[in-house]
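# Architecture at a glance
As a plain string of letters, each chain reads:
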Amino acid sequence: MELPFAESYKIKMVETIRRSTREERQQWIKEAKYNLFNLKSDQVFIDLITDSGTGAMSDKQWAAMMLGDESYAGARSYYTMKEAIKEILGFDYFLPTHQGRAAENVLFSTLIKEGDILPGNSHFDTTKGHIEFRKAVALDCTIDEASDTQLEIPFKGNVDPEKLEKVLQQYPAEKIPCVVLTVTNNTAGGQPVSMQNIRDVSALCRKYGVRLLVDSARFAENAYFIKTREAGYADKTIKEIVREMFSYADIMTMSSKKDAIVNMGGFVAFKEEALWQKAQMFCIMNEGFITYGGMSGRDMNALAQGLDEGTEFDYLETRIRQVAYLGSKLDEYGIAYQRPAGGHAIFVDAKKVLPNVPKEEFIAQTLGVELYLEAGIRGVEVGAILADRDPVTRENRYPALELFRLAIPRRAYTNNHMDVIAAALKNVYDRRDEITRGYRITKELPIMRHFTIELKKAER
Ligand SMILES: Cc1ncc(COP(=O)(O)O)c(C=O)c1O
């Protein structure tokens, strides 16, 4: 008999989580103004709001924490992190930051001027926020296939090279501080970008004299998909694939809370010494001195160890198979999601699950509230609320897809939890004919409103 698959780790420490009643949840979500971010974590049974900073560190990472050097300048931990970044990712220069958006802040403060254009593949919301805040434009050049949730193609996160080339032809290089390639493509559903696409995008950048920035939060998951889906990579190690991916990049930003499996941390890395030097001022001003930036020594140690573990095949196989397992349960129940299952999350196609809620009443958000009421599960809306208003017209933007993201924390939940999530979604789906109204906004911020937005039930 063929042996079934099992996780490549065993559990050394546990954290208690608590079920609640529907009545309790009704009260809590009302108090939270129907914004899942406003719930207390104790009011949540299974927390899938993000895979960012929510993973379980390994015994080796915890051991590395104890060896942290907290010196203000020139700490050993800085050099440990520097070595890992050079060895695993191939970058000579870097600045530690407290998380990914801080890396974006340091980099974009250095690079962007008003009116600039930054093409890319579905820029992540903080990336878009940092670009638009500087009165520059984030132009989406993702392949059209990414918006058909039912289409199964191996690299649905790709940039459309024709779209990109048009942008590069239309604007002078001085107006394009960099192309932003996000791997995996979070917003399009945790979908990977192929090595061929990375190569093609890099070649276009070279042709037009523009830098390539890789937003690398989930670079290792991307490498796993290249190994398992792209011809010519099956026999390469994840680390070899990662080195090739970054050989095409000029700059990388990383939210290390994802594929470096730490609770907090990030960095921006450069191949060019001059750009690194220019960025130092913004690191010192906003984060901290250049050898710690926004991080403590112990966190830099854990990050370095996490980069090594996160680029091991067995770990990645366990991780990505768990996400695929949840996808297979949803298949059983006929629940549509962005196919194939992504690296870090399942993105449920909310328009298909709740076909009777009007888009003006925020379909994916409505699904999120229903799933919370059903079983205390918290995910996140990736739809019209996240899309913010158009910076010029101030009208709501309605993206083609209304997705509800169930992000799976690394090494934190078991497949029994995945079974509960799938069953709860099925129960909501079975009630879809009764769910006809969503929510209206009562309070919002001008940028990245989803974190703090307040809502009320739409009235009949
Ligand atoms: C692709 C991508 N880029 C950037 C970020 C921002 O990172 P952080 O949350 O660490 O600020 C995220 C976070 O989710 C992300 O997914």
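Residues numbered from 1 in each chain as written. Predicted model: local features only at pLDDT ≥ 70, side-chain atom pairs only at ≥ 80, totals over all residues. Heavy atoms only, no water.

Around the ligand sit 14 residues in total, of which Gln99, Arg101, Asp215, Ser255 and Lys258 are the nearest. A distance of 2.8 Å separates an oxygen atom of the ligand from a polar atom in the side chain of glutamine 99. Residue arginine 101 places a side-chain N or O atom 2.6 Å away from an oxygen atom belonging to the ligand. Notes on the ligand: free accessible area 390 Å², of which the protein chains cover 96%. Class assignment of the residues belonging to the shell around the ligand gives a composition of two nonpolar, six polar and six charged. (Near = heavy atom within 4 Å. Polar contact = N/O pair within 3.5 Å; in protein donor to acceptor, adjacent residues only side chain to side chain. Areas by Shrake-Rupley, 256 points an atom, 1.4 Å probe, with all protein chains shown as cover. Nonpolar A, V, L, I, M, F, W, Y, C, P; charged D, E, K, R; others polar.)

As a further point, take unusual backbone geometry. Cis geometry is adopted by the peptide bond preceding threonine 184, which originates at valine 183 and carries an omega value of -20°. Its location among the elements puts threonine 184 in the loop between strand E5 (179-182) and helix H7 (195-208). In the segment running from arginine 339 into proline 340, the intervening peptide bond is cis, with an omega of -15°. As for its placement among the helices and strands, proline 340 is situated in the loop between helix H12 (313-333) and strand E9 (345-349). Phi at lysine 33 is positive, roughly 55°, even though this residue is not glycine. (Helix = DSSP H or I, 4+ residues; strand = E, 2+ residues; numbered from the N terminus.)

A few words on helix H4 (residues 100-111). Compared with the 16 Å implied by 1.5 Å per residue over 12 residues, the 16 Å span of H4 between its first and last C-alpha is a close match. Counted residue by residue, H4 has 10 buried out of 12 residues, so it is predominantly covered. Within H4, burial applies to Gly100, Ala102, Ala103, Glu104, Asn105, Val106, Leu107, Phe108, Thr110 and Leu111. (Expected span 1.5 Å × (residues − 1). Buried < 20%, exposed > 50% of the residue type's maximum accessible area, 1.4 Å probe, protein only.)

Moving on, we come to the packing of helix H14 (residues 363-375) against helix H15 (residues 415-430). Two numbers describe how H14 lies on H15: the axes approach to 9 Å, and their chain directions differ by 115°. In this structure, H14 crosses over H15, and the sense of that crossing is right-handed. Only Ala424, Leu425, Asn427 and Val428 of H15 make contact with H14, whose side of the interface consists of Leu367, Glu370, Leu371, Glu374 and Ala375. Classifying every residue of the contact of H14 with H15 by side-chain character gives six nonpolar, one polar and two charged. (Axes fitted to C-alpha atoms, helices over the stretch in contact; angles between N-to-C directions. Left-handed = near helix turned anticlockwise from the far one by under 90°. Contact = heavy atoms within 4.5 Å.)

The subject of this paragraph is the nonpolar core. Counting 61 residues, the largest nonpolar core has Ile85, Leu89, Phe219, Met245, Phe246, Phe267 and Leu307 as the members making the most contacts within it. Residue-level mapping places this core at the junction of two domains, with at least three residues from each of domain 1 (22-51 + 313-457) and domain 2 (59-309). The contacts of phenylalanine 246, once residues within four sequence positions are left out, are Leu89, Phe91, Val214, Ser216, Phe219, Met252 and Lys271. Of all hydrophobic cores here, the second largest spans 49 residues; its members include Trp28, Tyr34, Leu354 and Val357. (Core = buried A, V, L, I, M, F, W, Y, C linked by side-chain atoms within 4.5 Å. Domains from an automatic or database assignment.)

Our next topic: the sheet that holds E9. If you trace the three strands from one edge of the open sheet to the other, you get E9-E12-E11, paired in antiparallel fashion. Taken across any chain shown, the strands that pair with only one partner, and hence form the sheet edges, are E9 and strand E11 (380-382). Recorded for the sheet is a direction-independent mean angle of 35° between the axes of neighbouring strands. (Pairing = 2+ DSSP bridges.)

Next up on the list: the layout of surface pockets. By volume, the largest pocket amounts to about 1700 Å³. Lining the largest pocket are 42 residues, and of these Met13, Gly55, Ala56, Arg411 and Ala412 lie nearest its centre. Going through the elements one at a time, strand E1 (46-47), helix H2 (59-66), H12 and H15 are the ones with two or more residues in the lining of the largest pocket. Classifying every residue of the lining of the largest pocket by side-chain character gives 16 nonpolar, 12 polar and 14 charged. Both domain 1 (22-51 + 313-457) and domain 2 (59-309) contribute no fewer than three residues apiece to the lining of the largest pocket. (1 Å grid on protein atoms, 1.4 Å probe; cavity = no way out; pocket = protein on both sides within 12 Å on 5 of 7 lines; lining within 4 Å. Points joined across faces, edges and corners; volume = space filled by probe spheres on them.)

Under the defined criterion, the tally for this structure stands at one cavity of 30 Å³ or more. If you add up the space inside the largest cavity, you get close to 70 Å³. Class assignment of the residues belonging to the lining of the largest cavity gives a composition of five nonpolar, four polar and one charged.

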